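# What the coordinates show
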Amino acid sequence: MKKKRNFHQASPGWNIVFNLIAGIFAFLCVFPFVFVVIISFTEEKTLATDGYRIIPKAWSLDAYQYIFKTGDTLLRSYGVTILVTVIGTVVSLLLISLYAYAVSRRSFAYRRFFSLFAIFTMLFSGGMIPTYIVVTQLLGLKDSIWALILPLALNAFYIMILRTFYITGIPDAIIESGKIDGAGEFRIFSTIVLPLSLPGLATIGLFSTLGYWNDWFNALLYIDDPNKVPLQAMLMRIESSMQFIQQNSANGSISLEVLQSMPQDTARMAMVVLATVPIIFAYPFFQRYFVQGLTVGGVKE
Amino acid sequence: MVGSFFRSFNRNKVMLLMVLPGAIWFLFFSYLPLVGTIAAFKQYRFSRHGFWYSLVHSKNVGWANFKFLFSTDAAWSITRNTLLYNIAFIVLGLVFSVALAILLSELANKKLAKLYQTGMFLPYFLSWVIVGYFAFSFLSMDRGLLNHTLEYFGMDRMQWYNDPKVWPYILVLVYLWKSIGYSSVVYLASILGIDRSLYEAAMIDGASKMQQVRNITLPMLKPIIIIMTLLAVGKIFYADFGLFYQVPRDSGTLYSVTNVIDTYVYRGLKTTGEIGMSTAAGLYQSVVGFVLVMVSNYVVRKVDKDSALF
C-alpha cells in the first residue's frame, strides 16, 4: 500500500526550526517545576550562600525529612484537600448530572425555564462581596468545610456541556424502551443514562476534581481555622507569614522561637512539590479528557 | 388555571425533583447574592442578627458609594489595568496560540508533537499559588535565578517585587506561559479538521507553505478565531484574581500596576473594610460585564449563528 502523503508538513529545514521552537517552549513550560524540585533537594546552607541554583553545590534530603517529622500541618492540609476534593467531586457530579438530565429531556415541561435559570447565572452575578455575605451570614458557613465544597459544586457551563452530551449521546428510543419496560425516571437515569454517559461524566468529574484540588480562593475568604486550611491555601499562608516575619524581624517583636518553627526555604519548596506531584502524575490522563471536554463544549444543540 | 398548573406540576414531578437540588444551589449561590448587591447602596454593617437584618438595617446612602468610588483614582486605575491587561492577553494570546497550533500541525514527527503538547499543557493544571512559587524562584531578590544570571553577566540585581515598571511584562508573560498550551489545542483541533485535499490542490498549483497558511489555514480558522475572541471580549471586565494576587505576592508597592477590579473588591472586603464601596465596584463590574457579554453574543450571532452562547 502506498503511504498516504501528509500535506501538513514543513520542509526538512523548517521542520528543524519548528521542532526547536516547540521543544524550547515545551521545555520552558516544564522547567519551573523541575527547578522547584531541584531547590527542594538543595542543602539549606548552600541555599543561603548561593541562592537557588540549577546545579547546587550540595544536595540534601533534609527538607523532606523535616516535613515528614514535623509536617502535621502539611498532612492535615493534605487531608482537608483530599476530603474536599472527593466529597466535592461526588456532590458536584450528582447535582450537575441530575440537573443536566432533566433539562435535556424533551418531556420536561419546564426545561426552558430551568435552562435559563442556570444560564442567567453565567451572565450576571452579584459578585464577590454579596456572595461572601450570603455564605457567611445566611448560610453560616464561615470556617466550615462546606464553604470549600459548596461554592464550587455547580456551575452553569458544566450543566450545558453535560446537557449537550445527553442530547447528542443518548437516543430517545432507549429511554422510551425503558419506560415501556416499566422503569421509573430515576431508575432509567441510574441504570441506562448514567452508564451511557460515562465519558461525559468523566470529563466533568475531572474538571471539578482539578478545580477542588487547586482551590485556594474559598479558603482565603471563608477559612480562618488553621485545622481546616487546604493545601494550596496553606502554601499561601506560609508564604505571607514568612514575609510578615521578615518585614517585622527588625523590631524584635517576633520571637526567635517562631522564626525557627517556620519551615525553611527548602522545606517550603518541598511542600510545593508534594502539593503538585499528584497533579503531575494524573495530568496526562486529565489532558485526554480535557481535550475531549473542549470539543464537547464546542458542540451546540 | 390553578388546576391545570397542579396537573402539569404533577406530571413533571420527578423531573422537578431532579432539578431541585441544583435549583436550590443557584438560588443560594447566584440569586441571593444578586439581592445582596443592595449593599452597594448602603453603608453596610455586619450584624450578628444575620443576612436580612444586616441588609435591611444598614443605612441607605443612595449612589454615594458609586460617587465616591468614581471620584477616587482607584476607579480609573483598576478599570485601566483590567482593560489593558485583558486586551494584551486577548491579542497576544490569539497570535501565539494560533501560531503555535500551526507550527505543531506542521511537525513531521507526530510523536514528538504530542510530547511537546503534553509539556505545554502542564502549566494549565497548576494552581496560581504554585505558579506564584515558581515565579518567586526566578524573581527572588537575593536567591532568584534571574538575579544570579544578571550578576553572572556583571549587571546589578533587581528588586523585582518592588519595581512596578517590569510587572506589566511579567504578568503578561506568566499569563501566556500558563494559557497558551491550552488554547492552542482548540486551534490545533480545527486545523486537523481542515480538508486535506485543499492543501493537495494548493501544492499542485505550486503554493508555498506560507501561501498555504495564508490562503487556506487562516481563512478556515477565521470563524473559530472570531468566536474565541468575542467570547474573551465579553469577559474583558473580569480579571484572573490568582494571577494578579498570587504572582506579585500581594506586594503593596506594585498595586499601581497589579490592582484590577477583582483584587480591589477583595481588598475592600478583607483589608480596608469598605464593604459598600467594594460592592459598588463589583456591581459596576457585573453591569458592564453583562452589557459586554450581551453585545459580543449579539455579534457572534451575526457572524455565526451556531456559535452564539444563547
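Residues numbered from 1 in each chain as written. Chains lettered and ligands numbered in written order. Predicted model: local features only at pLDDT ≥ 70, side-chain atom pairs only at ≥ 80, totals over all residues. Heavy atoms only, no water.

This paragraph deals with the interface of chain A and chain B. Between chain A and chain B, the contact holds 99 residues from the first and 103 residues from the second. Carbon and sulfur atoms make up 74% of the area that chain A and chain B hide from each other, which totals about 9400 Å². Counting every contact that joins chain A to chain B gives one salt bridge. At the junction of chain A with chain B, the criterion picks out 21 residue pairs in polar contact (both at pLDDT 80 or more). No other element matches helix H1 (residues 12–40) of chain A, which puts 17 residues into the side of chain A that touches chain B. (Contact = heavy atoms within 4.5 Å. Buried area = accessible area lost by both parts, 1.4 Å probe. Salt bridge = Lys/Arg side-chain N within 4 Å of Asp/Glu carboxyl O. Polar contact = N/O pair within 3.5 Å; in protein donor to acceptor, adjacent residues only side chain to side chain. Helix = DSSP H or I, 4+ residues; strand = E, 2+ residues; numbered from the N terminus.)

Residues and elements named next belong to chain B. For Arg249, which is not a glycine, the phi torsion comes out positive at approximately 55°. Mapping Arg249 onto the fold places it in the loop between helix H12 (241–246) and helix H13 (255–258). One non-glycine residue, Asp250, lies in the positive phi region at around 50°. Tracing the chain through its elements places Asp250 in the loop between H12 and H13.

This part is about the confidence of the model for chain B. Predicted confidence across chain B gives a mean pLDDT of 90, with 98% of residues reaching 70 or more. Both scores are given for the predicted complex: the pTM is 0.90, the ipTM 0.90. (pLDDT = per-residue confidence, 0-100.)

Turning our attention to the pattern of salt bridges. Tallied over the entire structure, the rule returns 11 salt bridges over all chains. Across the pair Lys142(A) and Asp224(A) runs a salt bridge, and its minimum N-O distance is 3.6 Å. Placement of the pair is Lys142(A) in the loop between helix H6 (128–138) and helix H7 (146–149) and Asp224(A) in the loop between helix H12 (217–222) and helix H13 (231–248), with a sequence separation of 82 residues. The class for Asp224(A) is partly exposed, based on a relative accessible area of 44%. A salt bridge links Lys209(B) to Glu106(B), with the nearest nitrogen and oxygen atoms 3.1 Å apart. With Lys209(B) in helix H11 (residues 209–234) and Glu106(B) in helix H5 (residues 73–106), this residue pair connects regions lying 103 residues apart in the sequence. (Buried < 20%, exposed > 50% of the residue type's maximum accessible area, 1.4 Å probe, protein only.)

This next bit is on the UniProt feature "domain: ABC transmembrane type-1" (unreviewed entry) in chain B. Those residues carrying the UniProt feature "domain: ABC transmembrane type-1" (unreviewed entry) are residues 79–296 of chain B in this numbering. End C-alpha to end C-alpha, residues 79–296 of chain B measures 19 Å, and it is 75% helix and 0% strand. (UniProt positions renumbered as here; feature names shortened; annotations may be inferred.)

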